[in-house]
Amino acid sequence: MKTFMIERYGDEAGVHAGEMPEPQTGPDDVLVRIHAASVNPLDLRLRDGAFKAFLPYRLPLVLGNDFAGVVVRTGPAVTRFAVGDEVYARPDTNRIGTFAELIAVHQDDVALKPVGLTMEEAASLPLVALTAWQALVERAQVRPGQKVLVHAGAGGLGTIAVQLAKQLGAHVASTASTAKVDLVKELGADVVVDYKREDFEAVLHDYDVVLDTLGGETLKKSLGVLKPGGNIVSVAGPPDAAFARELGLNAVLRLVMSALSFRTRRRAGRRHVTYSFLFMRASGDQLRELAQLVEAGSIRPVVDRVFPFDQTREALEYVEEGRAKAGKVVVTMT
């Protein structure tokens with residue numbers, strides 16, 4: 001089957017088209033013909049080897065972390081899906097590879113595609129929607145009336161997180177560039193700080209939750225907008241020991257992760273707030289919950305641009321160069 005893969009880490013020019021054998025289907029797997037897959041910053045970090053210390057993939061590695069498509073085969077133990085079902089998913093971390101014609105995925109990680117969405121729209125959702133759900137619903141347990149700050153509200157994750165936070169009943173603030181302020185307000189943000197004109201740290205105060213999508217100085221400043229007892233959940237900051245335990249890493253790597261996040265956790269502790277790092281996981285059950293919100297009109301996907309499959313490398317470059325105006329970039333196979 002046709003794929004886009006890497007054969008070594010850290011080579012920007014190393015993403016290339018190639019042939020791989022069709023995946024084997026286990027008893028609990030569905031084999032899906034992929035119609036569309038989205039591009040995520042995670043793909044770039046995997047290409048560069050950022051996670052090779054604790055995600056030891058075998059090379060060559062097919063990139064791609066979420067998709068929408070049609071089931072073409074089911075394992076003998078599969079009970080939830082049948083051939084012909086239109087589905088969407090984020091494969092388990094150990095089974096990525098959606099820049100390909102086919103993928104085998106455990107049935108627990110798959111959900112029926114939201115009714116009314118195109119394949120391209122559905123493919124834009126799994127990774128970012130699951131990240132938003134696990135950050136806001138699971139980790140922060142956002143409740144009606146709480147104040148939530150979502151950074152980069154026009155980004156792939158931000159567009160979904162703003163909508164989900166609003167659906168949870170929160171007062172939602174976000175950051176965006178001047179050109180994107182109106183879009184983020186349309187998605188439901190009550191307050192949008194134009195970061196080119198204002199410093200969010202000077203404008204926002206006493207927030208219960210921050211979803212940090214940028215890391216670095218933004219993460220550091222975000223601690224200052226939280227009230228005592230608040231939570232900051234980051235997908236771009238330093239990993240912590242809890243993340244290492246979730247991955248089942250050894251004691252040495254747990255100590256390394258703890259050391260990486262020590263300064264951030266210490267700053268958080270001085271302000272009486274909690275810092276945690278989130279590396280999202282696959283979940284078909286959560287995708288079913290999210291599909292209901294999409295079908296009800298509470299969450300809508302935002303797609304910036306669609307590339308044909310043979311331009312997957314160009315799609316990755318487009319994301320890496322920050323050229324997307326808002327939402328997700330998608331690769332279509334058909």
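Here, the structure is the one placed above.
Below you will find a few notes about this structure. Only a predicted model underlies this, so the values are computations on that prediction, with no experimental measurement involved.

### A closer look at the overall build of the protein chain
Counting its secondary structure elements, the protein chain contains 12 helices and 16 strands. Relative to the 2.2 N^0.38 estimate, which gives 20 Å for 334 residues, the radius of gyration of the protein chain is 19 Å and therefore close to what a compact globule would have. Counting only C-alpha atoms, the protein chain reaches 55 × 45 × 40 Å along its principal axes. Burial status across the protein chain gives 55% buried among its 334 residues. Long-range contacts, defined here as pairs at least 24 residues apart, represent 69% of the contacts in the protein chain between residues at least 6 apart. With the model as given, the accessible surface of the protein chain reaches about 14400 Å², and the carbon-plus-sulfur share is 49%.

### What about a positive patch on the surface?
On the surface, Lys220, Arg263, Arg266, Arg267 and Arg270 cluster together into a patch of positive charge. Take Arg270: its relative accessible area is 61%, and that puts it in the exposed class.

### As for helix H12 (residues 312-320)
Looking only at H12, the buried set comprises Thr312, Ala315, Leu316, Tyr318 and Val319. Here the buried residues of H12 occupy an arc of 160 degrees about the axis, which is enough to place them on one side. Packed against the buried residues of H12 are strand E1 (2-6), strand E3 (29-39), helix H1 (41-47), strand E15 (303-308) and strand E16 (328-332). Two residues or fewer past H12, Gly322 is found with a positive phi of approximately 70 degrees.

### Digging into unusual backbone geometry
Between Leu59 and the following residue, Pro60, the backbone shows a cis peptide bond with an omega angle of 5 degrees. On the secondary structure map, Pro60 appears in the loop between H1 and strand E4 (61-62). If you check the backbone angles, Gln141 has positive phi at about 50 degrees while not being a glycine. Mapping Gln141 onto the fold places it in the loop between helix H3 (126-139) and strand E9 (147-150). When its relative accessible area of 52% is taken as the criterion, Gln141 is described as exposed. Although it is not a glycine, His272 sits at a positive phi angle of roughly 60 degrees. Along the chain, His272 turns up in the loop between helix H10 (262-270) and strand E14 (274-277). Residue class for His272 comes out exposed when judged on its relative accessible area of 58%.

### Regarding the pattern of salt bridges
This structure, assessed with the given rule, holds 16 salt bridges. With a shortest N-O distance of 3.7 Å, Glu317 and Arg313 are connected by a salt bridge. Highlighted residues: Glu317 and Arg313, both in helix H12, separated by 4 residues, approximately one helical turn. Because the salt bridges share partners, they merge into one network encompassing Arg80, Asp108, Asp285 and Arg288.

### Focus on the side chain of Ser177
Position of Ser177 relative to the elements: it lies in the loop between strand E10 (171-176) and helix H5 (181-186). Other than its neighbours up to four places away in sequence, Ser177 contacts Asp194, Tyr195 and Lys196.

### Looking at the packing of H3 against helix H11 (residues 284-295)
For the pair H3 and H11, interaxial distance at closest approach is 10 Å and the crossing angle is 95 degrees. Viewed along their axes, H3 and H11 adopt a mutual orientation that is roughly perpendicular. Residues Pro126, Ala129, Leu130, Trp133, Gln134 and Glu138 of H3 form the contact with H11, whose own contacting residues are Gln286, Leu287, Glu289, Leu290 and Leu293. Its residues placed into classes, the contact of H3 with H11 shows 7 nonpolar, 2 polar and 2 charged.

Reading the values: rules and limits
- Numbers given for residues are sequential positions, taken from 1 along each chain in its written order.
- Note on the predicted model: pLDDT of at least 70 is required for a residue's local features to be given, and 80 or more for side-chain atom pairs to be given and counted; whole-chain, interface and lining totals, by contrast, use all residues.
- Calculation of side-chain values draws on the structure's entire complement of heavy atoms; hydrogens and water are dropped beforehand.
- Note on conventions: DSSP H or I runs of at least 4 residues are helices, E runs of at least 2 residues are strands, and numbering of each starts at the N terminus.
- Both definitions apply: the radius of gyration is a C-alpha atom measure, and the globule rule equals 2.2 Å times residues to the power 0.38.
- The buried label applies to any residue whose accessible area, calculated with a 1.4 Å probe on protein chains only, is under 20% of its type's maximum; exposed applies above 50%, and partly exposed to all values in between.
- In this analysis, two residues are considered to be in contact whenever any of their non-hydrogen atoms come within 4.5 Å of each other.
- Each accessible area is a Shrake-Rupley result for a 1.4 Å probe, and residues are judged covered by the shown protein chains and nothing else.
- Patches here are clusters of residues that have more than 30% relative accessible area and form no salt bridge, with a 9 Å joining cutoff for like charges and a 5 Å cutoff for nonpolar side chains (Val, Leu, Ile, Met, Phe, Trp, Tyr).
- In the sections that follow, a salt bridge refers to a side-chain nitrogen of Lys or Arg positioned within 4 Å of a carboxyl oxygen of Asp or Glu.
- Within this scheme the basic residues Lys and Arg register as positive and the acidic residues Asp and Glu register as negative, but His and the chain ends are omitted.
- A charged residue contributes its charge at one atom only: NZ of Lys, CZ of Arg, CG of Asp or CD of Glu.
- Here, the arc refers to the directions that run from the helix axis to the C-beta atoms.
- Structural elements are reduced to axes, namely lines fitted to C-alpha atoms, with helices fitted over the stretch in contact, and the angle between N-to-C directions of any two is expressed from 0 to 180 degrees.
- Should an angle fall under 35 degrees it is called roughly parallel, over 145 degrees roughly antiparallel, and 65 to 115 degrees roughly perpendicular, with every other angle called oblique.
- Throughout this entry, Asp, Glu, Lys and Arg are counted as charged residues, while Ala, Val, Leu, Ile, Met, Phe, Trp, Tyr, Cys and Pro are counted as nonpolar. The remaining residues, Gly among them, count as polar.

Treat this as a map of the structure, not an account of what it does.
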